[in-house]
Amino acid sequence: MNGRTLHQLLARLFPLARSITGPGVRETLRQLQAIAPLEIKAVPSGAQVLDWEVPEEWHFRNAWIADNTGKRIIDAANTNLHVVNFSTAVDKHLSLQELKPHLHSLPDRPEAIPYRTSYYERQWAFCLAHQTVLALENGDFGNGPFHVHIDTEHLRGELNWGELVIPGKSSDEILVSTHVCHPSLANDNLSGLVLAAALAAERLQQKNPHTWRFLFVPGTIGAISWLAANQATMPNIVGGLVLTGLGDDSPFTWKDTRQGDAWIDRIVMQVLREQQPGQHSRLPFGPYGYDERQYASPGFKLPVGRLTRAVHGTFPEYHTSDDNLDFVTPECLEESLNLLKSIATLIDTDGFYQNLAPYGEPQLGQRGLYGKIGAQRDPGQMQMAMLWMLNQSDGFNSLLDIAEKSAVNSETLHHAACMLEQHKLLKRT
Amino acid sequence: MNGRTLHQLLARLFPLARSITGPGVRETLRQLQAIAPLEIKAVPSGAQVLDWEVPEEWHFRNAWIADNTGKRIIDAANTNLHVVNFSTAVDKHLSLQELKPHLHSLPDRPEAIPYRTSYYERQWAFCLAHQTVLALENGDFGNGPFHVHIDTEHLRGELNWGELVIPGKSSDEILVSTHVCHPSLANDNLSGLVLAAALAAERLQQKNPHTWRFLFVPGTIGAISWLAANQATMPNIVGGLVLTGLGDDSPFTWKDTRQGDAWIDRIVMQVLREQQPGQHSRLPFGPYGYDERQYASPGFKLPVGRLTRAVHGTFPEYHTSDDNLDFVTPECLEESLNLLKSIATLIDTDGFYQNLAPYGEPQLGQRGLYGKIGAQRDPGQMQMAMLWMLNQSDGFNSLLDIAEKSAVNSETLHHAACMLEQHKLLKRT
Amino acid sequence: MNGRTLHQLLARLFPLARSITGPGVRETLRQLQAIAPLEIKAVPSGAQVLDWEVPEEWHFRNAWIADNTGKRIIDAANTNLHVVNFSTAVDKHLSLQELKPHLHSLPDRPEAIPYRTSYYERQWAFCLAHQTVLALENGDFGNGPFHVHIDTEHLRGELNWGELVIPGKSSDEILVSTHVCHPSLANDNLSGLVLAAALAAERLQQKNPHTWRFLFVPGTIGAISWLAANQATMPNIVGGLVLTGLGDDSPFTWKDTRQGDAWIDRIVMQVLREQQPGQHSRLPFGPYGYDERQYASPGFKLPVGRLTRAVHGTFPEYHTSDDNLDFVTPECLEESLNLLKSIATLIDTDGFYQNLAPYGEPQLGQRGLYGKIGAQRDPGQMQMAMLWMLNQSDGFNSLLDIAEKSAVNSETLHHAACMLEQHKLLKRT
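Residues numbered from 1 in each chain as written. Chains lettered and ligands numbered in written order. Predicted model: local features only at pLDDT ≥ 70, side-chain atom pairs only at ≥ 80, totals over all residues. Heavy atoms only, no water.

Draft legend 1. Seen up close, the relation of the copies chain B and chain C. Expressed as a screw transformation, the operator carrying chain B onto chain C has a rotation angle of 120 degrees and an axial translation of 0.0 Å, and the superposed copies differ by an RMSD of 0.1 Å. The transformation relating the two chain copies, once decomposed into turn and shift, fits a three-fold axis. Judged by C-alpha distance, B:Asp261 is the residue of chain B that lies nearest the rotation axis, at 12 Å. (Least-squares fit on C-alpha atoms with pLDDT ≥ 70 in both.)

Draft legend 2. Quick look at unusual backbone geometry. Backbone torsion omega between C:Gly144 and C:Pro145 reads -5 degrees, so that peptide bond is classified as cis. Its location among the elements puts C:Pro145 in the loop between helix H4 (130-137) and strand S9 (146-155). Although it is not a glycine, A:His319 adopts a positive phi angle of roughly 55 degrees. The topology assignment puts A:His319 in the loop between strand S16 (304-308) and helix H9 (330-349). Positioned with a positive phi, C:Lys424 is a non-glycine residue whose angle comes to about 60 degrees. If you trace the backbone, C:Lys424 turns up in the loop between helix H12 (410-422) and strand S19 (426-428). (Helix = DSSP H or I, 4+ residues; strand = E, 2+ residues; numbered from the N terminus.)

Draft legend 3. Region of interest: the interface of chain B and chain C. Counting residues at the interface gives 33 residues for chain B, matched by 26 residues for chain C. The contact between chain B and chain C buries some 2500 Å² in all, and 51% of this surface belongs to carbon and sulfur atoms. Across the chain B-chain C interface, the total number found is four salt bridges. In this structure, C:Glu361 engages B:Arg293 in a salt bridge whose closest nitrogen and oxygen atoms are separated by 2.4 Å. Taken together, the connections running from chain B to chain C amount to 13 residue pairs in polar contact (both at pLDDT 80 or more). Its residues assigned to classes, the side of chain B that touches chain C shows 14 nonpolar, twelve polar and seven charged. (Contact = heavy atoms within 4.5 Å. Buried area = accessible area lost by both parts, 1.4 Å probe. Salt bridge = Lys/Arg side-chain N within 4 Å of Asp/Glu carboxyl O. Polar contact = N/O pair within 3.5 Å; in protein donor to acceptor, adjacent residues only side chain to side chain. Nonpolar A, V, L, I, M, F, W, Y, C, P; charged D, E, K, R; others polar.)

Draft legend 4. Inspection of the pairing of strand S15 (residues 280-283) of chain B at higher detail. All names here are of chain B. Note that strand S14 (residues 252-255) and S15 share four bridges and pair parallel. Directly across from Phe252, in S15, lies its bridge partner His280. For the handedness criterion, the β-α-β arrangement of S14, helix H7 (residues 263-275) and S15 is classed as right-handed. (Pairing = 2+ DSSP bridges. Right-handed = clockwise from strand over helix to strand, strands pointing away.)

Draft legend 5. Inspection of the sheet that holds strand S11 (residues 173-179) of chain A at higher detail. Residue and element names in this part refer to chain A. The mixed open sheet is built from eight strands, whose spatial order is S1-S10-S12-S11-S13-S16-S14-S15. Either end of the sheet is taken by a strand with one partner, and the two such strands are strand S1 (39-44) and strand S15 (280-283). On average, each strand axis in the sheet is inclined to that of its neighbour by 25 degrees, with strand direction left out of account. Pairing analysis gives three bridges linking strand S14 (residues 252-255) to S16, with the strands arranged antiparallel. Paired with Lys255 across the two strands is Arg306, which belongs to S16. The sheet strands contacting helix H6 (residues 221-229) are S1, strand S10 (158-166), S11, strand S12 (211-217) and strand S13 (237-243), and the helix crosses S10 at an angle near 65 degrees. In the packing of helix H7 (residues 263-275) onto the sheet, contacts are made with S11, S13, S14, S15 and S16, and the angle to S14 comes to roughly 165 degrees. (Axes fitted to C-alpha atoms, helices over the stretch in contact; angles between N-to-C directions.)

Draft legend 6. Summary view of H7(B). Residue and element names in this part refer to chain B. The end-to-end C-alpha distance of H7 is 18 Å, a good match for the 18 Å that 13 residues give at a rise of 1.5 Å each. The set of residues buried in H7 consists of Ile264, Asp265, Ile267, Val268, Met269, Gln270, Val271 and Leu272. Elements that come into contact with the buried residues of H7 comprise strand S13 (237-243), S14, S15, strand S16 (304-308), helix H9 (330-349) and helix H11 (399-405). (Expected span 1.5 Å × (residues − 1). Buried < 20%, exposed > 50% of the residue type's maximum accessible area, 1.4 Å probe, protein only.)

Draft legend 7. Molecular detail of the side chain of C:His210. Residues and elements named next belong to chain C. The topology assignment puts His210 in the loop between helix H5 (186-204) and strand S12 (211-217). For His210, a relative accessible area of 13% puts it in the buried group. Setting aside anything within four residues of it in sequence, one finds His210 in contact with Ile166, Gly168, Ser170, Asp172, Ile174, Val238, Trp263 and Ile347.

Draft legend 8. The interface of chain A and chain B, seen in detail. In this complex, chain A contributes 33 residues to the contact, which on the side of chain B involves 26 residues. In total, about 2500 Å² of surface goes out of reach between chain A and chain B, with carbon and sulfur atoms giving 51% of it. Counting across the interface, chain A meets chain B through four salt bridges. Here chain A and chain B share 13 residue pairs in polar contact (both at pLDDT 80 or more) between them. At the level of secondary structure, the elements contributing two or more residues to the side of chain A that touches chain B comprise strand S3 (52-53) and helix H8 (292-295) of chain A. Here the residues of the side of chain A that touches chain B are counted per class, giving 14 nonpolar, twelve polar and seven charged.

Draft legend 9. Quick look at the environment of B:Phe214. Residues and elements named next belong to chain B. Relative to the helices and strands, Phe214 is located in strand S12 (residues 211-217). Since its relative accessible area comes to 0%, Phe214 is described here as buried. Separated by 20 residues in the primary sequence, Phe214 and Val194 have C-alpha atoms spaced 12 Å apart. Aside from chain neighbours lying at most four places away, what touches Phe214 is Gly162, Glu163, Leu164, Ile166, Val176, Ala196, Leu199, Ala200 and Arg203.

Draft legend 10. Local environment of the confidence of the model for chain A. Taken residue by residue, chain A gives an average pLDDT of 96. The fraction at 70 or more is 99%. Quick note on the complex model: pTM equals 0.93, ipTM equals 0.93. (pLDDT = per-residue confidence, 0-100.)

Here's what the structure looks like:
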């Protein structure tokens, strides 16, 4: 999939009123099935999952505030961010003073509408631009009373997530997890959603050494629900990535797994060094963030890190209406997908080799693997790659180890390994 | 005790003519008993202690040099630094040439009187300002002969030190050691003396998880004597601090234990990072310095580091008459005491916790431990502290480990741990 | 040997037409026997050595290109670099177009003649200054045909290397290896040759704690041949140095062993820090370079690093006629020899000591080992050295360990250790 296709898919999903439960999530998952054949899983409202209870479904229809002439001041038909996610229903006429405790806005970013949630405390509230709040206070919309209307319902039903397992040669699993609960926010996290689906589609087209598991889960409660239902799967998971915020033009950032030096940390950092030299950053593990915090809880300790571009809480558009379809670009989505593919490639190709002629260097020249004229200044990348593979393939160094030690690209090392295998100088173990 | 009280106590102790043995040390220890009920211990002159022999007591009465009219050129009544510490007695009339080998001065600091000792070679000598030496050479005090008079006595008696053990819940001991042998020098080491006494007084007022042992010892021979007498205590000592030079306004410096990464090293560095961010330094271990070198000898290897402000040998006032009552200030003494109290608090609170709901995050919101409105930019320090404690309390990470990994203050972590304990989510192990 | 003698020897060896086999190498080894009694070893042409076959001997007599009047345009009588090393014979009259594929030159360094080899592909070719190529193209030497003449012969014979073993108190061996195959190139590698011989001469004059083995081998095939014949020796080799490029005025560079933190790495780096502070560099291990790559192959894994000044491939004179007798100087050769001697000294003196008075510090003053007047600013290097040796000699720290931890020079530490041994305070274990 190219960047344009990714962006078009993202744009189609944008208006859906997602939450942690309800029709918004289900419809999002259904549309993703066009890209990758994910299964929609469910756990009933009220079920106990680990320390949590699955909430009811949230059905959102509409929400607005009107002035005393009936003219709508804000209307969630324009953006579903206007209603606090999971808000209860209300229909009242209130003075400005009565209304104000139910309004969320950002004084330091007056044109943006914030994204707010209230999942576990039942209340009703609106989000709006701070300039609208000021206009209300200034009497620009009259003196009230203001008609507030939120048409939502909380119903017993189910919590849903999407799941796709692509069996590989080994039962060792790579977990790719992305959260599906955010409403009309493009980077956080429709970018993660479409990229996970696109990577899954790409993986389906080839033979995979590892099993890949893609999870499209509502944040926190979705990951908790999946963890509760899949404890037997845990020992298979050898590494994982949480994907989010991958459509903007910030440099890539890898947040370490709890382990900090797990195989997946090293895989991703190697690919970033190779493909984004000097243009990426690394965050230490911490227990705050996205669902990596659930996977990394002390009962599970899964080696799952997080790949992002802009980092949550640190960019001005974060959790506001400015995280929109302009904030993510086809080019950046495509670059992110390419990076994910390269990560997957190194996951596929990493492994241990054994030098079959380990005493001294084998005579590469006789096999046509070495330049004919000696004593030149530079041996070239492919010859360096062969020398590194031969020298280090003693059973203790994987291809990734060798890539980390040498300045040679991991794909070149893999290519060299294949050539040496053809000449019976190396054997994959 | 506040800074003013500390400085007043220091000023009272200043004129006493301390040495490694004799009445000066005994009187100093006696006056400290008003602050903390330390016991005065003794070992007789001539006793063999490890590789050393306990020297005789040094009784100092007076010392001066007079010109040929009897007028005193220098007089130890003004400062006991004028006599080389442990000097033998003398009463002679000498030419300047005969006198000069017995004079110590500092050409590069001509107004200061140096502090010099001669414990293990019996000789007599004076210390004086270099400008006075120049004046002598210039004939300003006449042509001599000069009357030199030192009234001291070396007597068989005893070597003394002060010791206070405050039993705690555990027999694991924290050792606090400070040297009491320096005469009229304020920072080195009356500052250490009064702060150790003040910390002892503070520890006496509370229940202590650990046992605390405070030592007020003559440098080298006092520490050697204590070590010789207390070999059975060694296995209990889990960490220690040598205190010296803590009254001036230099930034704090921690000198590592022999181990370099011992628990006490980590405790002190954590508190320095929290309370003096960017304003402290760290020295590697070395076998020179104060009594940490005895505690760290290869037969004992006690994990004892050293806390100072100005570092011996590196500040111009070091071991001169400029290390006086102006060089140390009430403010700096109080700041040092507060730092010591914080170190003691982290020693008290560090420990291991167990997460009682380790699978995923427990639902903090339902317990009133988490903000009600979600999706905000910043979770706040207390919520971060709770998440860190929960995530890392797997039996392998202590509170100190967690403080080192997170950017959260150790006191906030301890507060969070207490709250989580109340909600049965965490248990101290 | 001083720098002047080293340079004179180097100059005598310079014109010999060395290659990997043949009379040039034999004559070079024979001349080195005047300095150190190395044995000339042989393996017959056609022998199988590890993965390689020993090539025939290369006998070179002369080589030139003449214009159509018989005037010589280039002549290997001036420098043997003009003929590609191991070239086959030829005697033909060729047009410029026919000739050009057989010419090697350096467009970016038009006055220099490159050094090229073709050991394992039989072909004939010349090396010449690029300005000569341009002159040929410009018709300065007429329009041809050009008479090309190379008088060489490939004969069954033997491959030779020089070897000198100096038995020491221990059978643990230090390997010093240097390549002898380069023709008229001064720094690479006559400098390595004469320095290895000079170090061997120096080692012969003293009792050596370790056994020293000096190898003068043709590059690659010589090292391979030696390895094939000496597998029983491998377990004795505790460290080694490949010597090359040690006559120019670049700062010293140590290339790490495969292990990276082997004893020999630490020995050499300690001496470089002491003697060339801030004026040396360190390269990580890599499988390209000189014969260290053979010693470090995964079947052997010998801890052999490489000491150079200018690093192969990184200086403009590398493998050209500019690596001549002016490029290496007596001063730099002598400085390199002195560094090698210091490395050998630390190899000799490193070891473990045991403190015989480990409880507290022993009373050095009573033994005349400590200054008589106390409380001075600086204890002096020798006292610091004694304190470090006493404090760290617990059976776990060698002299090298102590040199690395302290800022004290390893020779001063060794001197201190000897003094402490005389006073029965320390014992070498």
